[in-house]
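# Notes for the structure review
Chain by chain, the residues run as shown.
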Amino acid sequence: MNTTKASRDNWWAVLMTVLATLYLFPELIFNAELVRTVGSAGASAADIHRLELFGRAISGIGVTLLVLDAIKGFPLRSKDRTLLLSLVVFLLIWPLVFFGQKYVIDKYLIDPSSAEQRQTAFLSLVVKDALAAQAVAVEGLPFDSDNPESPVSQTFLSLFGGLVYANNNVLEQIKQSRQELATAYVVNQTQAQVPELLAQHQQLSRKLRDAYTEHYQPAYNDYKQALLDSSNVAAREWGKVTAQLDEGWHDYQTMLEKADELAGQQAEQAGPRIYEFLDYYHDRCVNDGKVNARCRERAESRYKKQITQLGYGYIPHEHWLIEEDVSTGENVFNSLIAGVLTGGISLAAQALSAATGGDGGFKDKRYKYTNDTALYKLRLLQLPAFQQKFVDDYGYPLGLASRQAFLDYPETGKRVRAELRQADIRLSANWSLHDRASFDQAVVEKIARDAMQAWSDGLDEKAVALPPGLNWQQFHQHPQVLAYVNRQLSGEKLTHYNPEWSDAEFKRQVLEPKVREQAQQLLRELAAQQNAFADGGDFAERGKQSLRAVIVPPISMSLSLLLICLTLIKLPLRYLQLVIRTPAPRVQRLFRIAPLVTLLAVMVLPFMLLQPNFNRDYPGAASFLNTVSDTAHPGIAYALEWTLRTQPLIMPLGAELSELLYFDEKSPPVIALLDALDQQVDLQP
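Residues numbered from 1 in each chain as written. Predicted model: local features only at pLDDT ≥ 70, side-chain atom pairs only at ≥ 80, totals over all residues. Heavy atoms only, no water.

### Some remarks on the overall build of the protein chain
When helices and strands are tallied, the protein chain shows 26 helices and 4 strands. Counting only residues that meet the buried cut, the protein chain has 41% of its 685 residues in that class. Pairs at least 24 apart in sequence give 74% of the contacts found in the protein chain among residues at least 6 apart. With the model as given, the accessible surface of the protein chain reaches about 37,900 Å², and the carbon-plus-sulfur share is 55%. (Helix = DSSP H or I, 4+ residues; strand = E, 2+ residues; numbered from the N terminus. Buried < 20%, exposed > 50% of the residue type's maximum accessible area, 1.4 Å probe, protein only. Contact = heavy atoms within 4.5 Å. Areas by Shrake-Rupley, 256 points an atom, 1.4 Å probe, with all protein chains shown as cover.)

Structure follows, in structure tokens:
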């Protein structure tokens with residue numbers, strides 16, 4: 001049994017050791033990438049958020065390993081059950097850590113933060129970027145401005161938010177110098193773009209000159225030559241219109257024939273049944289002048305089922321009846337005959353009807369039905385639903401009797417305009433076929449566009465359309481050309497531009513106003529009242545983002561660094577335990593106290609062994625830490641010094657791994673997946 005338990009413990013120990021070793025790689029990479037990104041100038045909130053996602057995912061794995069290692073009774077007797085339970089633990093712990101970190105930070109640090117804290121965070125980020133860009137120097141800050149990319153400098157910048165909060169003197173100095181800091185920062189940022197902008201200006205100057213002389217002017221010459229032949233071009237285009245109209249009229253006549261043929265076929269099919277219904281309804285359902293209502297209801301029901309099969313919905317049966325006028329003479333004659341046959345009773349009834357407002361027995365209309373198929377075909381053609389279907393299918397109504405009626409119908413003009421639009425001949429919506437002058441003018445305008453659009457090939461664009469006949473000055477001052485210039489100058493918003501400007505003039509006209517505008521904007525933001533950063537204020541969300549960018553990186557970096565150091569010291573012990581399977585009692589006691597010794601070593605060794613000449617090599621950092629120790633909580637001061645001493649030694653290792661494993665190239669899909677997962681699960685504090 002002991003042999004079995006030892007074997008079971010051995011494979012589990014090997015597995016946990018291997019997993020801890022593998023876990024160390026992404027943790028080292030995250031640690032280095034976090035310091036490199038946060039410790040550089042212009043790190044965006046999106047960049048920090050992407051690294052935060054990666055760090056939260058790695059933390060979830062690390063905590064899972066710690067939990068598995070701490071569970072008593074592991075491993076179980078069954079290897080499969082052990083692995084299955086381990087998977088269950090991972091599925092419980094990893095989401096809890098991944099989403100819980102964000103929830104805790106938002107609920108207990110970001111959302112309840114004060115307006116002052118958010119404003120301070122915003123200010124510290126601006127200063128951090130300025131320091132990283134070597135734009136400013138703040139007295140008392142341990143920043144090596146000659147080597148901003150050194151591990152110590154980048155570590156300092158990553159911790160900058162915590163350093164500011166820990167040293168009120170630095171915070172006050174920053175607030176008093178905000179105008180100088182903002183101006184210096186903007187100037188430095190702009191100066192970094194000067195070589196690129198000047199190169200773009202010089203390239204643009206040559207490109208615009210070439211576009212004008214080699215493309216625009218030849219295009220204008222082509223345009224003038226094309227105008228000489230514009231009447232012939234217009235005649236050819238009108239000939240195409242005439243051909244289209246002839247074809248349209250022919251197609252319309254063909255459509256009429258098809259409609260007539262369809263009506264005839266449907267009349268052949270439905271006519272006999274309609275006649276049978278009418279005969280049944282008006283004759284068989286009437287006996288001795290009395291209408292059998294039940295008989296008519298049954299006939300009406302059969303008729304409704306049959307008539308809807310034509311596809312035009314329900315058609316009242318009165319639609320099929322033949323209406324005839326009844327003359328007065330015929331009414332009088334019929335009344336006299338009826339009076340003779342009834343002994344005058346019918347005449348008395350008619351007189352009574354007339355006296356009481358009735359028709360007096362006189363009928364203006366008479367209705368009859370027939371089995372003639374031609375009648376049913378005609379009635380189908382007259383049916384509104386049939387006519388509407390024809391319009392829906394073809395766009396034209398039935399009954400345009402002449403070619404002129406066809407030409408005058410609005411749909412014809414609409415189709416001609418659509419066809420001409422395909423040929424880039426643009427006519428107004430109210431243009432008619434009788435307006436030949438407007439047509440000829442539209443052709444001339446097309447000739448101008450075709451000739452003048454060719455010039456923009458010199459700019460590698462096809463969306464810069466200019467009118468003809470511009471001189472050089474009008475050309476480069478045209479709004480379309482200015483819009484092109486702004487697109488080329490990295491999205492600038494210039495209101496004027498001259499390709500003949502010298503480099504000095506370009507700086508004066510473009511760069512100096514840009515510096516002033518950006519500096520003023522930054523100063524307005526820095527000078528904003530604290531209440532603007534409170535909930536509901538103009539800068540509330542920006543303040544929260546700044547606070548997150550200030551708080552999260554130091555916390556993540558410190559925890560990551562602590563885990564890395566613990567793992568680096570603990571791993572050799574793990575491997576030693578694998579080698580010594582049956583340790584002596586004294587060795588067992590050493591193994592039991594090893595975790596405590598490891599923790600103490602991690603907390604103490606950086607001060608005793610790592611960077612023993614730290615105070616000499618980094619006097620600014622040492623001086624700053626001394627100030628922090630006098631003003632901040634001892635725990636915070638100790639943590640800052642421990643991080644500043646330890647992180648610069650760990651960072652190069654992670655940077656090498658990141659480059660070796662192509663982190664920048666291979667991580668985006670993984671981070672995108674984590675981001676999608678993070679968006680789906682929204683834990684509102």
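### Some remarks on the confidence of the model for the protein chain
Residues with a pLDDT of 70 or more make up 76% of the protein chain, whose mean pLDDT is 78. Low pLDDT, under 50, characterises residues 331-335; the stretch is placed with 9 contacts to residues that sit more than four places away or in other chains. A low-confidence stretch, residues 358-362 (pLDDT under 50), is modelled with 13 contacts involving residues beyond four sequence positions or located in other chains. (pLDDT = per-residue confidence, 0-100.)

### Quick look at helix 13 (residues 373-382)
The complete set of buried residues in helix 13 reads Leu375, Tyr376, Arg379 and Leu380. Buried residues of helix 13 fall within an arc of 140° about the axis and therefore sit on the same side. Two or three places before alanine 374, at the opening of helix 13, aspartate 372 has a side-chain oxygen 3.1 Å from that residue's backbone nitrogen. (Arc of directions from axis to C-beta. Polar contact = N/O pair within 3.5 Å; in protein donor to acceptor, adjacent residues only side chain to side chain.)

### Observations regarding the environment of glutamine 520
Here glutamine 520 shows up in helix 20 (residues 503-526). The class for glutamine 520 is partly exposed, based on a relative accessible area of 45%. Residues glutamine 520 and valine 186 lie 334 residues apart in sequence; the distance between their C-alpha atoms is 9.6 Å.

### Description of the side chain of threonine 412
Among the structural elements, threonine 412 can be located in helix 16 (residues 410-422). The residues contacting threonine 412, other than those within four sequence positions of it, are Leu245, Tyr396, Phe406, Leu407 and Leu433.

### Let's talk about the packing of aromatic side chains
Applying the stated criterion across every chain yields a total of 30 aromatic pairs. Here the aromatic rings of tryptophan 249 and phenylalanine 406 are separated by 5.6 Å at their centres, their planes lie at 55°, and the arrangement is tilted. Of the two residues, tryptophan 249 sits in helix 9 (residues 230-284) while phenylalanine 406 sits in helix 15 (residues 403-408), which places them 157 residues apart along the sequence. Judged by relative accessible area, which is 2%, phenylalanine 406 ranks as buried. Ring geometry for phenylalanine 277 and tyrosine 281: centres 5.4 Å apart, planes at 40°, overall tilted. Separated by 4 residues within a single helix, phenylalanine 277 and tyrosine 281 lie in helix 9, roughly one turn from each other. The exposure class of phenylalanine 277 is buried, given its relative accessible area of 6%. (Phe/Tyr/Trp six-rings, centres within 6.5 Å; stacked < 30°, edge-to-face > 60°.)

### Structural notes on the pattern of salt bridges
Enumeration over the complete set of coordinates arrives at 21 salt bridges. Of the charged contacts, one joins glutamate 52 and arginine 548 as a salt bridge, the two residues approaching to 2.9 Å between their closest N and O atoms. Separated by 496 residues along the polypeptide, glutamate 52 in helix 2 (residues 45-70) and arginine 548 in helix 21 (residues 540-579) bring together distant segments of the chain. The class for glutamate 52 is buried, based on a relative accessible area of 8%. Taking relative accessible area as the criterion, arginine 548 reaches 17% and is therefore assigned buried. The partner of aspartate 440 in a salt bridge is arginine 436, and the shortest N-O contact between them spans 3.0 Å. One end of the pair is aspartate 440 and the other is arginine 436, both in helix 17 (residues 436-453) and 4 residues apart, which spans about a single turn. With relative accessibility at 27%, the residue aspartate 440 sits in the partly exposed group. (Salt bridge = Lys/Arg side-chain N within 4 Å of Asp/Glu carboxyl O.)

### Some details on the packing of helix 9 against helix 16
Taken N-terminus to C-terminus, the directions of helix 9 and helix 16 make an angle of 135°; their axes are 11 Å apart at the nearest point. When the interaxial angle is binned, helix 9 and helix 16 end up oblique. Here helix 9 and helix 16 pass one another in a crossing that is right-handed. Here Val241, Gln244 and Leu245 of helix 9 come into contact with helix 16, specifically with Thr412, Arg415, Val416, Glu419 and Leu420. In terms of residue class, the contact of helix 9 with helix 16 is made up of 4 nonpolar, 2 polar and 2 charged. (Axes fitted to C-alpha atoms, helices over the stretch in contact; angles between N-to-C directions. Parallel < 35°, antiparallel > 145°, perpendicular 65-115°, else oblique. Left-handed = near helix turned anticlockwise from the far one by under 90°. Nonpolar A, V, L, I, M, F, W, Y, C, P; charged D, E, K, R; others polar.)

### Some thoughts on the packing of helix 2 against helix 3 (residues 79-110)
Contact geometry of helix 2 with helix 3 gives a least axis separation of 8 Å together with a crossing angle of 140°. The orientation of helix 2 relative to helix 3 falls into the category oblique. The chirality of how helix 2 crosses helix 3 is right-handed. Residues Leu53, Arg56, Ala57, Ser59, Gly60, Ile61, Val63, Thr64, Val67 and Leu68 of helix 2 form the contact with helix 3, whose participating residues are Ser86, Val89, Phe90, Ile93, Trp94, Val97, Phe98, Phe99, Gln101 and Lys102. Taken together, the residues of the contact of helix 2 with helix 3 break down into 13 nonpolar, 5 polar and 2 charged.

### Here we look at the environment of glutamine 441
Residue position: glutamine 441 is located in helix 17. Sequence separation of glutamine 441 and arginine 426 is 15 residues, and the distance between their C-alpha atoms is 9.6 Å.

### Remarks on the state of the cysteines
Throughout this description, disulfide means a covalent bond between two cysteine sulfur atoms. Summed over the entire model, instances satisfying the criterion amount to 1 disulfide. Note that cysteine 285 is cross-linked by a disulfide to cysteine 295, the S-S spacing being 2.0 Å. Taking the sign of the torsion about the S-S bond as the criterion, the disulfide between cysteine 285 and cysteine 295, at about -60°, is left-handed. One end of the pair, cysteine 285, is in the loop between helix 9 and strand 1 (286-287); the other, cysteine 295, is in helix 10 (residues 293-307), with 10 residues separating them in the sequence. Across the pair, cysteine 295 and cysteine 285 agree in class, each one buried. (Disulfide = S-S within 2.5 Å.)

### Considering helix 19 (residues 479-488)
Restricting attention to buried positions, one finds in helix 19 the residues Val481, Leu482, Tyr484, Val485 and Asn486. Serine 490 lies just past helix 19 and shows a positive phi near 55°.

### A few points about a nonpolar patch on the surface
A cluster of nonpolar residues, Ile61, Leu84, Leu85, Leu87, Val88, Phe90, Leu91 and Leu92, forms a patch on the protein surface that exposes about 700 Å² of accessible area. Looking at the nonpolar patch, the element that brings in the most residues is helix 3, giving 7 residues. Looking at the element boundaries, leucine 91 is found in helix 3. Taking relative accessible area as the criterion, leucine 91 reaches 53% and is therefore assigned exposed. (Patch = residues over 30% accessible without salt bridge, like charges linked within 9 Å, V, L, I, M, F, W, Y side chains within 5 Å.)

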